[in-house]
Structures are given as C-alpha cells and as structure tokens.
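Observations on the model geometry
So you can see what is in the structure, the chains are spelled out below.
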Amino acid sequence: MAAASNLLSEDQFLCSICLDVFTDPVSIPCGHNFCKNCITEHWNTSDRCQCPMCKKVFNTRPELHVNTFISEMVVQFRQSAQQKTSSSSSEQQVSKPGEVPCDVCTGTKLKALKSCLVCLASYCETHLEPHLTMSGLKRHQLIEPVENLEDRMCTKHDKPLELFCKTDQTCVCMLCPVLDHKTHDVVPLKEEYEGKKAELGKTEAEIQQMIQKRRLKIQEIKHSVDLSEEDADKEIAEGVQVFTALKESVERGQANLINTIKEKQKTTEKQAEAFIKELEQEISELTKRKAEVEQLSRSEDHLHLLQSVQSLKAAPPTKDWTEVSVRPSYEGTVVRAVAQLEKTLSKEMKKLLEAELKRLQQYAVDLTLDPDTAHLYLILSDNGKQVNHGDVRKNLPDNPERFSDCVSVLGKQSFSSGRLYFEVQVKGKTNWTLGVARESINRKRVITLRPEDGYWTICLRNGNEYKAPAGPSVLLSLKSQPQKVGVFVDYEEGLVSFYDVDAAALIYSFTGCCFTEKLFPYFSLGFNDGGKISAPLIISPVGAN
C-alpha cells in the first residue's frame, strides 16, 4: 500500500471544493469524492442536490458515508507528504530577518519564494507547489514575496486592490467604482502599472542622463584642477625665475655700488698718500733750510753772512697747499645705482606684461557693436567694428535699450561667466570711455560711471587726463598715451583690467568685483566738440599691429 501511495499525485487527494487534502472523504452515487463537510455545506446552500464536478442531479439527497479506503490512502499520503516536507525543509533556506517567511510553515519558518495576491499568503517552495500544479490555483496571481499582504486589500470592502482610480490617484477594489468612485476614471492596475512603468523608465533615463552629465562635470572639474595645477606650477616657475633674476640684479647692483665706493676710497687714499709724501719731503727740505738759517743767524762774520744770505734767496719757492684737499665725492652714487636697478626692473616688468598679454589674448572674443543701443548721434560701421560721432541726430525709435543722454553704445555680445578679452584702438581721440557695464544700467539719463551704478571703465578727458571712475575717481599717471587699449574680464574672479597694448603696460585694475548679471562691453565717445574728436573707436583684431 505504501509503495502504491508513492505512485499517486497530490491532485488525487484534494477536495475540488476546498482545494485541500480530504478530511473525512465521502463518495456520492456518481463516483466523485469530497470532504464530508464540504459537500454537506454545498448542498445546504444550493437549491438542488447536484454533483459539483459532473453536475448530475439527485432527486433525493444521498446518504453520506466515509470512504474508509480513501481515508486510509489520505492518511498514508499525509505521512508521506510530511516526510517529504521535512526532508525538503532541511534543504530550503530558513527565513532570515528582513526576508519574507512562509505563512503555511509551522515551527521553523522557511523563506517564501512567492506571494499570492488571491490567497493573500506567502509560500515556500513546498507549499507553493499546489499553485504551480493545480489548474484552479494556477490562475492565481503570484508575485515576488512581500510582507503585509493585508495592505493589498481594500480596507472598506475587504476585496483585493485590482483597479486604479486616476481621478483620486489611488488603488481601489472591484466594488469601489460601483459604490465610491462612480464617475471616476478607473483602469486596471496592470494598465496603470504599464503607464507608470514607462514613466519611470523615462525618469530613470533622465536621471541617468543627469548622473552622466554630473560625472562629466566632475571629470571636467578634475581636468580643470589639473590644468590649474599645471598653470600654478608654470606661474611659480616663471615667478621664481623673474624674482631670481631681480634678486641677482639687486645683488649685482649692490656689489657694483660697494665696489664703486671702495674704488673711490682707494683712489682717495692713494692721492692722500702722495700728498702726504710730498708734504713730508717739503717738510724735510724746510727743516734743513731752517737749520741753515739758524746757523747763519748765529755767525759773527759779516762777510760770510752777507754772502750766504744771497744763496738762501736763490732757493726754489715752496708749493702753495692752501687749496689742496682730499674730499672724495660719493654724492649720486647710490641714486645712480638705484636708477640702474629701476631700469632693469622696468625691462623685466615689460617682459612679464608682454607674456601676460599673450596669455590674456587666448580669451579674445569677436565683438560687434549693437546698433539698438547706440545714441542717435553715433554712426556705426557696416561690420559693427567702428563707431564714430555724427553731426546730425538720427531719427530712430527710442527703444528701451538705446542710450538717450550719454553718447554711448554697447557690444552686442553679453557674458555671464568665464573670461574675455578685447582690444580697442583709441588713436587720435581726445575723449573716450571703455570698459564693461551690467545689463540693468539705466540708459535714459545722464549716467555716473562707477561700479556701484554698474560701470567698470577707464576714460580720457581733455586729451591728457586719464581716470578710473572707481567712486571716487582715480587719476592715472601714464608714461605714454595709449594708442590701443586691451580690456580683460574674469567674471568669477571679479576682475576687470586695462592694458596699454603697444607699451605692454598695465593701466588699471578693478579687483574684488561682484558680478551677478550679464556684462556688456561699453564704449563712449563723448559729445562732438566742434569736430575735434572725429576719429572713431575701432574694435581691433587681437594681436594685429
């Protein structure tokens, strides 16, 4: 019997009503078997006595007796299944903290492999088998194991949440659209799931793209740091080279100054030694002559005295030392040495500025003038590179961007980050203003050129007065009049610098600026003083002579 039971499948011992292993199995006249309680309840709730399987109708309710043969087979099957379950349980994984346990297992809970949305239970491998083999259970919806399956039930109607209300954006059961969501847009969960899944896929792609952009930005920043480190090393090397040269130049100047003074001192000492030697020789001769005079003055011989006096008068006269002096002149020695050092420093400074200008020229931008901002007296060239003063006021619309009182014009290009450089020819002009201005400047009244009002500029007035309107204005002392002015802006650094391009000299720098708006190149010619400032301002190609 035991051997025979091993050949039977679990399906043969399941009641088709409760879908579980028989309990008190009974047979009805048509030959089908059911649990005694299951078939009794089925007939009690039905209006006629009918077999649930073959639908055969019985005129009178059959008397039910437990089928002892099937009952014994069920007992053996249960024992065999229990042994099999015990054996498989040792091979299956025991549920760990954080994992979903099987709801059917007694004692040691095994790890659930699936959860059933119809049964609202989770099953291990052994207890999941009926859902995989029995036709009635195969239709149940299985998902990856989850906890709190009761959350998937409608709290109001105690039915599975199988629909989605788009109106209220919530999951509902089959009764909700009939009772509480009558006019709402309700769709199956799967339909909304597919839509949301597609949206999530798109969102995931967008997030991935954002991540990729940020990774690229990280690489860009790291590359910028590497370049910055290279630039820093290069700047340090050049700075050390320059300062070493200056230090050596200072040391040479100092050594030359000391040597010059020492040479003068040696010359003075030699001259003094020669004078002293000559004076000592004359003292010796005079001492000798004094002795002769003293001896002669003591003579009693009249003739001898008179004859000897004549010989004394014939002696050569002594040198006049009244104007002779030994006073070396060191005046101007240090001044000349410092002047030479200053000349060397100026030479090295010019080399540095020439190199600096070459580096700045890599940030050159192609500028054109914006005719919509130009004062009505200004004339712009067709290519937008020159601006000149006209004698006749043009009849054009007074748009919000146009300067109405100040004879000015802006560049067409704006900048809100990075670095930029441009050069403007100012040759032949006696009045001009150059620099940058922020976008929000007021263009409809007389303006004040200062950073607080949005202007970072330098200007020439009356042909020889250079100023930096920094609030208050700073008078600029220039060695030569610039013919071409270079303008450099570092937006993030808050720096605006002006250069005399031909002389490779720094004119002035605004530092510590705080830029929060777009910046536009700014040009102003001033009012035409009887045609004296007819020369144009010209945006020059960078690096052109």
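Quantities reported herein were computed from a predicted structural model and do not represent experimental measurements.

Conventions and cut-offs
- Residues numbered from 1 in each chain as written.
- Predicted model: local features only at pLDDT ≥ 70, side-chain atom pairs only at ≥ 80, totals over all residues.
- Heavy atoms only, no water.
- Pairing = 2+ DSSP bridges.
- Helix = DSSP H or I, 4+ residues; strand = E, 2+ residues; numbered from the N terminus.
- Axes fitted to C-alpha atoms, helices over the stretch in contact; angles between N-to-C directions.
- Contact = heavy atoms within 4.5 Å.
- pLDDT = per-residue confidence, 0-100.
- Expected span 1.5 Å × (residues − 1).
- Buried < 20%, exposed > 50% of the residue type's maximum accessible area, 1.4 Å probe, protein only.

Focus: the sheet that holds strand 19 (residues 505-510)
With antiparallel pairing, the 7 strands of this open sheet are ordered in space as 9-10-21-12-17-18-19. Looking at strand neighbours, the two that pair on one side only are strand 9 (378-380) and strand 19, the edges of this open sheet. Pairwise comparison of adjacent strand axes, ignoring direction, gives a mean angle of 20° for this sheet. Here strand 9 runs beside strand 10 (residues 386-389); their pairing, made up of 3 bridges, is antiparallel. Looking across to strand 10, one finds that L380 is bridged to V387. The sheet strands contacting helix 9 (residues 333-360) are strand 12 (419-425), strand 17 (484-490), strand 18 (495-500) and strand 19, and the helix crosses strand 18 at an angle near 120°.

So, the confidence of the model for the chain
Of all residues in the chain, 93% have pLDDT values of 70 or greater, and the mean over the chain is 85. For the chain, per-element mean pLDDT is lowest for helix 1 (residues 2-5), which scores 43, and highest for strand 20 (residues 519-524), which scores 96. Within the model, the stretch residues 1-6 combines pLDDT values under 50 with 6 contacts to residues more than four positions away or in other chains.

Quick look at helix 9
For helix 9, which comprises 28 residues, the first-to-last C-alpha distance of 40 Å matches the rise-based estimate of 40 Å (1.5 Å per residue) to within 8%. Where helix 9 is concerned, the buried positions are T333, E348, L353, L357 and L360.

Some thoughts on unusual backbone geometry
The backbone phi angle of K55 is positive, close to 70°, even though this residue is not glycine. With respect to the element layout, K55 can be found in the loop between helix 2 (36-45) and helix 3 (68-91). Despite not being glycine, N462 shows a phi value in the positive range, around 60°. Along the chain, N462 turns up in the loop between strand 14 (455-461) and strand 15 (465-469).

What about the environment of T333?
Mapped onto the elements, T333 comes out in helix 9. With 75 residues separating them in the primary sequence, T333 and I258 have C-alpha atoms 9.7 Å apart. Ignoring anything within four residues of it in the chain, the contact list for T333 reads L257, T260, I261 and K264.

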